[in-house]
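Inside the fold
Single-letter residue listing:
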Amino acid sequence: LFPARDGETRVVIYNINTKSRIEAVVQTPGGEVQYGGDARIDGVPGTAAPIILNFMDVVGAASGKMLPTGRVRDVIDGIEITCLDVAMPMIMLRAADVGLTGYEGRAEIDQNRDLLARIEAIRLEAGRRMGFGDVSDKVIPKVGLLAPARHGGTISSRYLTPHALHAAHAVTGAVGVATGCVLEGSIAHELARPDNANPRTILIEHPSGQIEVRLETKG
């Protein structure tokens, strides 16, 4: 489909779900795709050649706004949240505010029906405020339960999809959480230890390890 260049080949992919473009940078030394390599992703077995994904046109991907409610923080049912739309519409809240440490796994979260019902009530109202109407039969917005990092990363995230805990972390959700980490006033920014460089690396700790986001911002 695409002629390989010597060194690396850039391929632009259209993401139907978020109606945005993703540029994949594929390793092609000598004009041949390189499959073997040392790159690894926590939660995925084995290693391979790295493929860098540059997420384009992702701000306001579904709502047209980075902050769909017009505020950095909202309060729903007494819980402070941040509603953010970057790569994936999300609501972010402190795990501690719903009685969690933020370091739980699937067994603790997926079996806690009262917890999931409470989070779903917040998600439904957040979806309405974000302009998505009744989201009871929709998978957006997703939910991020955030806590301070404890293994040298930037932040810890438990990502709901939205009615069960992701075994690791969705990439689009990681872009959203990383953006929140540098957005002053957001729940993520409050809990994060961000690198002040630009571009910066955001390490998001999740149940299977970490996911790395290289984030470049401009005013």
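Our structure's up above, just so we're on the same page.
The structure reproduced in this document is the subject of the present report.

About the thresholds
Residues numbered from 1 in each chain as written. Predicted model: local features only at pLDDT ≥ 70, side-chain atom pairs only at ≥ 80, totals over all residues. Heavy atoms only, no water. Helix = DSSP H or I, 4+ residues; strand = E, 2+ residues; numbered from the N terminus. Rg over C-alpha atoms; globule rule 2.2 N^0.38 Å. Buried < 20%, exposed > 50% of the residue type's maximum accessible area, 1.4 Å probe, protein only. Contact = heavy atoms within 4.5 Å. Areas by Shrake-Rupley, 256 points an atom, 1.4 Å probe, with all protein chains shown as cover. Lys, Arg positive; Asp, Glu negative; His and termini not counted. Charge placed at Lys NZ, Arg CZ, Asp CG, Glu CD. Pairing = 2+ DSSP bridges.

Glancing now at the overall build of the protein chain. Helices and strands together make up the secondary structure of the protein chain, namely four helices and ten strands. The N-to-C order of helical and strand elements in the protein chain reads β-β-β-β-β-β-α-α-β-β-α-α-β-β. On C-alpha atoms alone, the protein chain measures out to a radius of gyration of 18 Å, which is about the 17 Å that the 2.2 N^0.38 rule sets for 219 residues. Projected onto its principal axes, the C-alpha positions of the protein chain cover 60 × 35 × 35 Å. Residues classed as buried in the protein chain amount to 45% of the 219 residues present. Nonlocal contacts in the protein chain, meaning residues at least 24 apart in sequence, comprise 55% of its contacts between residues at least 6 apart. On the protein chain, roughly 11,100 Å² of surface is accessible, and the fraction owed to carbon and sulfur atoms is 52%. Across the protein chain, the mean location of the 23 positive side-chain charges is 4 Å away from that of the 26 negative side-chain charges.

A large share of strand β5 (residues 79-86) lies buried, amounting to seven of its eight residues. The pairing of strand β4 (residues 74-76) with β5 spans three bridges and is antiparallel. The residue bridging I76 from the neighbouring strand is I79, located in β5. Linkage of β4 to β5, two consecutive antiparallel strands, is achieved through a turn of two residues, within which D77 is found at a positive phi near 55°. Taken together, the six bridges between β5 and strand β6 (residues 88-94) define a ladder with antiparallel strand orientation. In the strand pairing of β6, D85 is matched with P89. Between β5 and the antiparallel strand that follows it, β6, lie one residue; A87 among them carries a positive phi value of about 75°.

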